[in-house]
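Working through the structure, step by step
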Amino acid sequence: MSADYHVHGTVAVITLNNPPVNGLGLETRTAAVQGMRRALADDAVKAIVITGAGKAFSGGADIREFNSPKALAEPSLHSLIRTVEDSTKPVVAAIHSVAMGGGLELALGCNYRVATPGAQIALPEVKLGLLPGAGGTQRLPRVLGLEPALNMIVSGAPVMSEKLAGTGLFDAVFGADDNVLEKAIAFANSVADVRPLPKVRDRKVDYPNHEAFLQFSRNTVKAMSGPFPAPLECVETVAASITKKFEDGLAFERDRFIALMQTTESKALRHAFFSERMTSKVPDLAADTPVRTINKAAVIGAGTMGGGIAMNFANAGIPVTIVEMKQEALDKGLATIRKNYENTLKKGKLTQQKFEQRVALITGALDYAAIADADIVVEAVFEDMGVKETVFKKLDEVMKQGAILASNTSTLDVDKIAAFTSRPQDVIGTHFFSPANVMKLLEIVRGAKTGKDVLATALALSKKLKKTGVVSGVCDGFIGNRMIEQYSRQAGFLLEEGCLPEQVDKAVEKFGFAMGPFRMGDLAGNDIGWYIRKRRYVESPEITYSKTADLLCEMGRFGQKTGGGWYDYKAGDRKAYPNEAVNAMIVQHSADLGIERRKISDQEIVERLVYALVNEGAHILEEGIALRASDIDMVYLTGYGFPLHRGGPMFYADTVGLPNVLGAMERMARGRHGDAWKPAPLLVKLAAEGKGFNG
Ligand code: NAI
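This one's a predicted model, so the numbers in the text were calculated from it and none came from an experiment.

Conventions we followed
- Residues numbered from 1 in each chain as written.
- Predicted model: local features only at pLDDT ≥ 70, side-chain atom pairs only at ≥ 80, totals over all residues.
- Heavy atoms only, no water.
- UniProt positions renumbered as here; feature names shortened; annotations may be inferred.
- Helix = DSSP H or I, 4+ residues; strand = E, 2+ residues; numbered from the N terminus.
- Pairing = 2+ DSSP bridges.
- Contact = heavy atoms within 4.5 Å.
- Axes fitted to C-alpha atoms, helices over the stretch in contact; angles between N-to-C directions.
- Buried < 20%, exposed > 50% of the residue type's maximum accessible area, 1.4 Å probe, protein only.
- Right-handed = clockwise from strand over helix to strand, strands pointing away.
- Core = buried A, V, L, I, M, F, W, Y, C linked by side-chain atoms within 4.5 Å.
- Domains from an automatic or database assignment.
- Salt bridge = Lys/Arg side-chain N within 4 Å of Asp/Glu carboxyl O.
- Near = heavy atom within 4 Å.
- Polar contact = N/O pair within 3.5 Å; in protein donor to acceptor, adjacent residues only side chain to side chain.
- Areas by Shrake-Rupley, 256 points an atom, 1.4 Å probe, with all protein chains shown as cover.
- Nonpolar A, V, L, I, M, F, W, Y, C, P; charged D, E, K, R; others polar.

Remarks on the UniProt feature "domain: 3-hydroxyacyl-CoA dehydrogenase C-terminal" (unreviewed entry) in the protein chain
- Per the UniProt entry, the sites bearing "domain: 3-hydroxyacyl-CoA dehydrogenase C-terminal" (unreviewed entry) are residues 477-569 and 605-691 in this numbering.
- What you have in residues 477-569 is 65% helix and 3% strand, and the ends, taken at the C-alpha atoms, are 29 Å apart.
- For residues 605-691, the end-to-end C-alpha separation is 26 Å, with 66% helix and 0% strand making up the annotated structure.

Notes on the sheet that holds strand E8 (residues 159-160)
- Reading across from one edge, E5-E7-E8 is the order of the three strands in this open sheet, with mixed pairing throughout. Every interior strand has two partners, whereas the edge strands, strand E5 (98-100) and E8, have only one.
- The pairing of E5 with strand E7 (residues 120-122) spans three bridges and is parallel. Of the residues in E7, the one forming a bridge with Ala99 is Ile121.
- With respect to the sheet, helix H3 (residues 102-109) is in contact with E5 and E7, its orientation differing from that of E5 by roughly 90 degrees.

Some remarks on the pairing of strand E16 (residues 441-445)
- Counting buried positions over the five residues of E16 gives five, a clear majority of the element.
- Because side chains alternate across E16, one face comprises the buried residues Leu441, Glu443 and Val445, and the other comprises Leu442 and Ile444, equally buried.
- With four bridges connecting them, strand E15 (residues 427-432) and E16 associate as antiparallel partners. Paired with Phe432 across the bridge in E16 is Leu442.
- Regarding topology, helix H16 (residues 452-464) serves as the crossover connection from E16 to the parallel strand E17 (residues 468-472), and that connection is right-handed.

Focus: the nonpolar core
- Core analysis: the largest hydrophobic core is formed by 66 residues, its most contacted members being Ile479, Trp566, Ile605, Val610, Tyr611, Phe642 and Phe693.
- Looking at this core, you find at least three residues from each of domain 2 (297-474) and domain 3 (480-689).
- If we ignore the near neighbours within four places in the chain, the residues touching Trp566 are Leu495, Pro501, Phe518, Asp522, Asn526, Thr548, Ala549, Leu552, Asn579, Val582 and Ile586.

Considering the domain arrangement of the protein chain
- Domain annotation of the protein chain identifies domain 1 (3-262), domain 2 (297-474) and domain 3 (480-689).
- Each of domain 1 and domain 2 has a C-alpha centre, and the two are 45 Å apart.

A short note on the pattern of salt bridges
- Scanning the entire structure with this criterion turns up 42 salt bridges.
- With a shortest N-O distance of 2.4 Å, Glu485 and Arg536 are connected by a salt bridge. Residue Glu485 is found in helix H17 (residues 478-497), and its partner Arg536 is found in helix H20 (residues 526-539); the two are separated by 51 residues along the sequence.
- In this structure Glu485 comes out as buried when scored by relative accessible area, which is 17%.

Observations concerning helix H24 (residues 629-639)
- Most of H24 is tucked away, with eleven of its eleven residues classed as buried.
- Where H24 is concerned, the buried positions are Ala629, Ser630, Asp631, Ile632, Asp633, Met634, Val635, Tyr636, Leu637, Thr638 and Gly639.
- Contacts from the buried residues of H24 go to helix H10 (264-278), E16, E17, H17, helix H23 (602-622) and helix H25 (649-656).
- Looking one or two residues past H24, Gly641 carries a phi angle of roughly 65 degrees, positive in sign.

A closer look at the sheet that holds strand E3 (residues 47-52)
- Pairing is mixed in the open sheet, where six strands are placed in the order E1-E2-E3-E4-E6-E9. Strands at the two margins of the open sheet, each flanked by one partner only, are strand E1 (3-8) and strand E9 (172-173).
- Bridging between strand E6 (residues 112-115) and E9 involves two bridges; their strand directions are parallel. Bridging across to E9, Ala115 finds its partner in Val173.
- The strands that helix H6 (residues 180-191) touches are E1, strand E2 (11-16), E3, strand E4 (91-95) and E6; relative to E3, the one it contacts most, it runs at about 160 degrees.

Observations concerning unusual backbone geometry
- Going from Pro19 to Pro20, the amide bond is cis rather than trans, its omega being 5 degrees.
- In this fold, Pro20 is placed in the loop between E2 and helix H1 (26-41).
- Backbone torsion omega between Arg195 and Pro196 reads 0 degrees, so that peptide bond is classified as cis.
- Not every positive phi belongs to a glycine, and Ser97 is a case in point at roughly 65 degrees.
- Along the chain, Ser97 falls in the loop between E4 and E5.
- Since its relative accessible area comes to 28%, Ser97 is described here as partly exposed.
- Non-glycine residue Lys466 carries a positive phi angle of around 60 degrees.
- Structurally, Lys466 can be placed in the loop between H16 and E17.

What to know about the UniProt feature "domain: 3-hydroxyacyl-CoA dehydrogenase NAD binding" (unreviewed entry) in the protein chain
- In this numbering, the UniProt entry assigns the feature "domain: 3-hydroxyacyl-CoA dehydrogenase NAD binding" (unreviewed entry) to residues 296-472.
- Secondary structure over residues 296-472 splits into 42% helix and 20% strand, and the C-alpha atoms at its two ends are 25 Å apart.

Brief notes about the site of the ligand
- Taken together, the neighbourhood of the ligand is formed by 22 residues, with Met305, Glu324, Glu383, Lys388 and Ser410 sitting nearest.
- Between an oxygen atom of the ligand and a side-chain N or O atom of Ser410, the distance comes to 2.6 Å.
- Look at the ligand: alone it shows 830 Å² of surface, and the protein chains cover 81% of it.
- Every element with two or more residues in the shell around the ligand is listed here: helix H11 (304-315), helix H14 (385-398) and E15.
- If one sorts the elements of the shell around the ligand by residue count, H14 sits on top with three residues.
- Of the residues assigned to the shell around the ligand, the class counts are eleven nonpolar, eight polar and three charged.

Side note on the side chain of His589
- Note that His589 resides in helix H22 (residues 580-593).
- The contacts of His589, once residues within four sequence positions are left out, are Glu496, Lys547, Thr548 and Leu551.

Listed below in structure tokens is the structure:
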């Protein structure tokens with residue numbers, strides 16, 4: 001049973017009991033319906049209270065039931081709500097802590113609702129590309145009014161119960177120290193004889209000139225929801241609460257809900273939601289793997305990454321010391337951090353008190369002795385094995401036993417780095433993304449000898465730092481950068497064959513990427529790739545690259561930091577302006593190679609860039625570098641601006657159909673640099689089996 005039943009005097013209490021948040025799974029729904037029947041059959045019972053055990057009234061649908069037949073099995077949430085609403089005895093919802101989604105919809109089916117302050121009230125379905133499908137769009141406007149209900153449903157944002165006191169949603173909001181159940185039972189007793197029973201469905205939504213308001217809402221919501229259909233569908237179903245009879249509105253809501261369930265956009269959002277939860281699950285880590293305590297952190301290097309990484313620790317309340325080689329570099333790094341926090345303060349996103357707390361948590365040092373007792377040290381010095389060797393040997397010498405030695409390297413071999421120390425079990429890669437204080441992704445690179453407790457600690461730390469921690473095996477570039485390399489190579493080849501940077505960027509941005517490859521290169525600095533390619537020309541001469549990016553760097557155009565790269569930039573303006581000399585260089589390079597430039601379609605651009613990611617992703621999956629396809633999707637959604645509505649590269653390939661992806665790759669294999677299109681065996685296998693990467 002996942003709902004309890006008790007009788008207090010003449011009041012029956014049904015307590016939803018399905019930890020952690022009383023999700024309305026099949027067992028809970030069944031038990032709640034049985035509780036209702038029992039209460040209705042018992043002549044001694046005059047009124048009924050529905051409440052939730054533990055940390056919530058109810059968080060809504062049981063997400064463990066998503067995609068399972070149980071979600072649709074009877075009694076459905078509709079049937080439960082119908083049973084409650086048709087009750088011949090008054091039903092009171094006693095709300096505390098959380099009433100969200102289906103939980104709030106259930107409460108709206110009750111005759112009365114009472115709450116404690118501080119409870120989060122929301123219909124968040126829109127965040128999964130859906131709309132409230134159990135009457136929420138029809139009942140909430142009937143208690144709150146058209147405008148506030150529409151705002152809550154379209155945004156999905158939670159509102160605190162005390163802010164809704166005095167609205168038709170709540171019949172009473174008690175004091176913070178009140179026992180909600182005791183108060184609710186007293187309330188139920190006080191209304192036990194009131195007839196007729198008040199029902200939300202019998203109310204009417206009044207709004208003067210509602211058509212004008214609805215049209216305004218359609219226009220605004222359409223402009224703000226980008227590729228996602230759900231917000232506008234929310235407006236349409238809420239509109240039905242005023243334009244249709246209750247039952248017709250419910251039927252309309254159900255239709256629109258089912259239609260949204262089928263959209264790729266909702267599937268992508270649900271995929272991202274579940275994938276995020278999966279990232280922390282590592283098959284060989286037991287739930288009770290010990291986690292080391294992190295009370296004190298250190299960072300080596302106060303450059304671009306070191307500063308941002310230190311801010312992450314401070315933001316989580318963990319004191320952190322940054323070690324630099326020279327006072328000047330240290331001062332510069334600390335000043336940049338301070339300026340960063342000052343900007344947040346100026347924007348009003350940080351209180352003065354928090355600003356001071358955070359700044360005070362970050363200290364600088366020139367001597368490693370200052371960090372010897374840190375629980376974790378993250379190295380963020382130059383990307384050079386020699387420098388890493390010096391640093392890790394030093395860390396091995398000075399750090400206390402049990403400290404975690406982490407490297408922020410973006411491409412270097414973490415096993416080699418670990419071998420510089422006498423404690424490889426304590427070494428791990430923590431690959432932050434730039435700007436490190438902003439980007440959500442943290443690649444956690446598990447070395448061959450990394451201890452399980454060290455991995456578990458890094459995963460727990462990623463949560464504490466509010467990052468999406470994705471585990472990667474050791475390889476050049478790990479998951480994200482190894483894939484982006486194939487994407488960048490294709491972008492370069494496209495320039496040789498007939499594109500200019502602007503066309504490539506526009507096509508990719510139209511597909512939904514936050515930024516095309518060339519604007520991205522200008523932002524990150526084209527010299528980084530140049531440096532990496534120079535290493536590859538020596539280490540892996542078999543890999544081919546377009547020389548255009550090297551020629552660009554030879555022109556001194558490293559990107560925004562040098563005033564221009566693939567494009568020109570103007571002060572105070574983030575727009576990219578095509579540069580004639582760069583474009584002439586590109587055209588000349590094609591001529592030098594004897595290539596006759598051709599017109600390339602936007603579709604070809606997108607296919608070449610995205611399928612390059614997919615094919616490398618398939619290799620990464622096959623080699624076990626990534627634990628699962630959805631981890632690769634999370635890397636791309638949280639670290640590389642892959643369009644959320646497409647669910648990540650592997651999910652996107654599944655929606656296109658792997659045989660179609662393979663077909664396009666076979667076509668591309670007949671073009672220039674066709675050898676880049678040798679399909680990964682896993683891709684061929686899954687396509688033949690009619691499967692997708694995500695099952
Ligand atoms: P950076 O050049 O901005 O900063 C490196 C800092 O380390 C400099 O301030 C330097 O003075 C200091 N340093 C060098 N040797 C040191 C030593 N022995 N002891 C103490 N400090 C020392 O470099 P950036 O961009 O911050 O990169 C650092 C690491 O992060 C590299 O491994 C890089 O591959 C990685 N990374 C960089 C990203 C980026 O977008 N810049 C993204 C993700 C990772």
